[in-house]
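Read off the chains here:
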Amino acid sequence: MSESTTAERYLRFGRIAAQGSSPTYTARCEEIAKNPDFLALLDALPEPKRQPNLLFGAVRFLDGPVDESFLSWTTAHWAGVTAVMLARSTQTNEAGRCATLMPLLARLPQPLALIEVGASAGLCLFPDKYRYAYDGQPSFGPDSPVVLPCRANAVIPRQMPQIAWRAGIDLNPVDLADPEQRRWLEALVWPEQGDRLARLRAAMEIVRADPPRIVRGDLNDTVEDLVAQAPEDATTVVFHSAVLAYLTAADRRRFAGTMRRLPVRWISNEAPAVADGKRLELLLDGEPVARTGSHGELLEWI
Ligand SMILES: C[S@@+](CC[C@H](N)C(=O)[O-])C[C@H]1O[C@@H](n2cnc3c(N)ncnc32)[C@H](O)[C@@H]1O
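What you are looking at is a predicted structure, and each value in this text was computed from that prediction instead of being measured. (Residues numbered from 1 in each chain as written. Predicted model: local features only at pLDDT ≥ 70, side-chain atom pairs only at ≥ 80, totals over all residues. Heavy atoms only, no water.)

1. Looking at the nonpolar core
Leu123, Tyr130, Tyr132 and Ile267 are the most contacted members of the largest nonpolar core, which has 44 residues in total. At the level of secondary structure, the elements contributing two or more residues to this core comprise helix H7 (98-106), strand E1 (112-117), strand E2 (131-134), strand E3 (147-152), helix H9 (194-209), strand E6 (235-241), strand E8 (279-284) and strand E9 (287-293). For Ile267, the residues in contact, after removing those within four places along its chain, are Leu101, Leu104, Leu105, Val237, Val238, Phe239, His240, Leu282, Leu283 and Leu284. With 30 residues, the next largest nonpolar core counts Tyr10, Leu55, Leu71 and Ala187 among its residues. (Core = buried A, V, L, I, M, F, W, Y, C linked by side-chain atoms within 4.5 Å. Buried < 20%, exposed > 50% of the residue type's maximum accessible area, 1.4 Å probe, protein only. Helix = DSSP H or I, 4+ residues; strand = E, 2+ residues; numbered from the N terminus. Contact = heavy atoms within 4.5 Å.)

2. Re the packing of aromatic side chains
Remark: the centre distance and the inter-plane angle together describe each pair of aromatic rings, the angle taken between the planes. Counted according to the given criterion, the structure contains 12 aromatic pairs. Taking the centre distance of 5.6 Å and the plane angle of 90° together, the rings of Phe61 and Trp184 count as edge-to-face. Linking Phe61 in helix H4 (residues 52-61) with Trp184 in helix H8 (residues 179-187), this pair joins segments that are 123 residues apart in sequence. Neither residue differs from the other here; Phe61 and Trp184 are each classed as buried. (Phe/Tyr/Trp six-rings, centres within 6.5 Å; stacked < 30°, edge-to-face > 60°.)

3. Structural notes on the side chain of Arg199
In this fold, Arg199 is placed in helix H9. We classify Arg199 as buried; its relative accessible area is 13%. Among all residues touching Arg199, those that are not within four sequence positions of it are Glu94, Gly96, Val146, Leu148, Pro149 and His295.

4. Description of the site of the ligand
The environment of the ligand is formed by 19 residues, the closest being Glu94, Arg97, Asp170, Asp218 and Ser241. In the environment of the ligand, an oxygen atom lies 2.9 Å from a nitrogen or oxygen atom belonging to the side chain of Asn93. Between an oxygen atom of the ligand and a main-chain N or O atom of Glu94, the distance comes to 2.7 Å. In the complex, 94% of the free accessible area of the ligand, which totals 590 Å², lies under the protein chains. Looking at the shell around the ligand residue by residue, the classes come out as 6 nonpolar, 8 polar and 5 charged. (Near = heavy atom within 4 Å. Polar contact = N/O pair within 3.5 Å; in protein donor to acceptor, adjacent residues only side chain to side chain. Areas by Shrake-Rupley, 256 points an atom, 1.4 Å probe, with all protein chains shown as cover. Nonpolar A, V, L, I, M, F, W, Y, C, P; charged D, E, K, R; others polar.)

5. Points about the domain arrangement of the protein chain
Looking at the protein chain, the domain boundaries give domain 1 (3-87) and domain 2 (95-301). Distance from the C-alpha centre of domain 1 to the C-alpha centre of domain 2: 30 Å. Tallying the contact residues gives 19 residues for domain 1 and 11 residues for domain 2. Here domain 1 meets domain 2 over a buried area of about 1200 Å², counting both sides, of which 58% is carbon and sulfur. The tally of links from domain 1 across to domain 2 stands at 0 salt bridges. There are 6 residue pairs in polar contact (both at pLDDT 80 or more) connecting domain 1 and domain 2. Within the residue set of the side of domain 1 that touches domain 2, elements represented by two or more residues are helix H1 (3-17), helix H2 (23-33) and H4. (Domains from an automatic or database assignment. Buried area = accessible area lost by both parts, 1.4 Å probe. Salt bridge = Lys/Arg side-chain N within 4 Å of Asp/Glu carboxyl O.)

6. A look at the sheet that holds E8
Read from one edge of the open sheet, 10 strands run E2-E3-E10-E9-E8-E7-E6-E1-E4-E5, paired in mixed fashion. Two strands in the sheet have a free side with no partner beyond their single neighbour: E2 and strand E5 (213-216). Sheet twist, expressed as the average angle between the axes of neighbouring strands with direction ignored, equals 25°. Of the strand pairs in this sheet, E2 and E3 are connected by 4 bridges, and their pairing is parallel. Residue pairing for E3: Tyr134 is matched across the bridge by Cys150. In the packing of helix H10 (residues 219-229) onto the sheet, the strands contacted are E1, strand E4 (163-170), E5 and E6, and the crossing angle to E4 comes to about 160°. (Pairing = 2+ DSSP bridges. Axes fitted to C-alpha atoms, helices over the stretch in contact; angles between N-to-C directions.)

7. A closer look at the pattern of salt bridges
Opposite charge on two side chains allows them to pair when their charged atoms are near. By the definition in use, this model includes 14 salt bridges. Of the charged contacts, one joins Arg208 and Glu205 as a salt bridge, the two residues approaching to 3.1 Å between their closest N and O atoms. Here Arg208 pairs with Glu205, and both are found in helix H9, just 3 residues apart, close to one helical turn. You can call Glu205 partly exposed: its relative accessible area is 43%. Ionic pairing is found between Glu224 and Arg261, a salt bridge with its closest N-O pair at 3.0 Å. Placement of the pair is Glu224 in helix H10 and Arg261 in helix H11 (residues 249-261), with a sequence separation of 37 residues.

8. Quick look at unusual backbone geometry
Of note, the amide linkage connecting Gln110 to Pro111 takes the cis form, showing an omega dihedral of -5°. Here Pro111 lies in the loop between H7 and E1. Although it is not a glycine, Asp63 adopts a positive phi angle of roughly 60°. Within the fold, Asp63 resides in the loop between H4 and helix H5 (70-76). Positive phi is not limited to glycine here, since Ala242 has a value of about 55°. Considering the arrangement of structural elements, one finds Ala242 in the loop between E6 and H11.

Laid out in structure tokens, this is it:
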């Protein structure tokens, strides 16, 4: 990849992905794209490790600044920054997405056996531990330090799912008992997203107290075994959010085939094939039912 291509990548990230959500990252991307010396440092890294999110997360993980001193600090600490970038990958786990999954879960025959593929630390496996605040409606759910606000275009029944059993699968599960792994998740939340950071910390505390079982492995290789372990007297639900983009088209087709064949309900919350900005598409058993905000802040029933 040439220098100008890395520059374009940072400009694209700043002007599209971070635009409106992180003025700080937009400004830093503009500065990086104009700095040939810094672009040369990035270009010495393997191509997948030049991602803006990974760079910014690594600097914040090391308690570096993201203000105007970003470039000078990062250049001065480049060996440490690259060590973090090479050792780690971008990662998210967004409990907020439960606000868009929860109404679907609550209307299935109860109780539920939940299986999340691409579970990360498993924060979305605990929709029954969070409180829900749909716009214009009284909040409901348990008394919880995690309250999930969501704009919805319909009244959401004040009904919670009953979860009898839960488990997850991830290629690289996040171990919340490890403070460094928790700090890495925190470093990847953009600087302006203070609410998301507070929610992440509170959800990690809840889940850390009673960690779910998360099987390490590829979802295609492991999901069938896990489904076989779910209790028979519960509705088995396999769900995933923001995961399928990591799979090849062939692996996505294989997974969809497995979901259609197994005796499960299947909830998918993923970027649609025809991308439209920052919305995800929510499907139940392969049928689109809603469009959702990427962090669970919006639920638009179709
Ligand atoms: C963007 S995170 C989303 C995490 C969580 N679903 C959420 O909504 O907060 C994607 C997760 O999928 C996992 N993943 C990617 N490819 C996978 C695969 N083939 N099998 C299992 N997990 C995978 C990654 O390790 C990562 O934890």
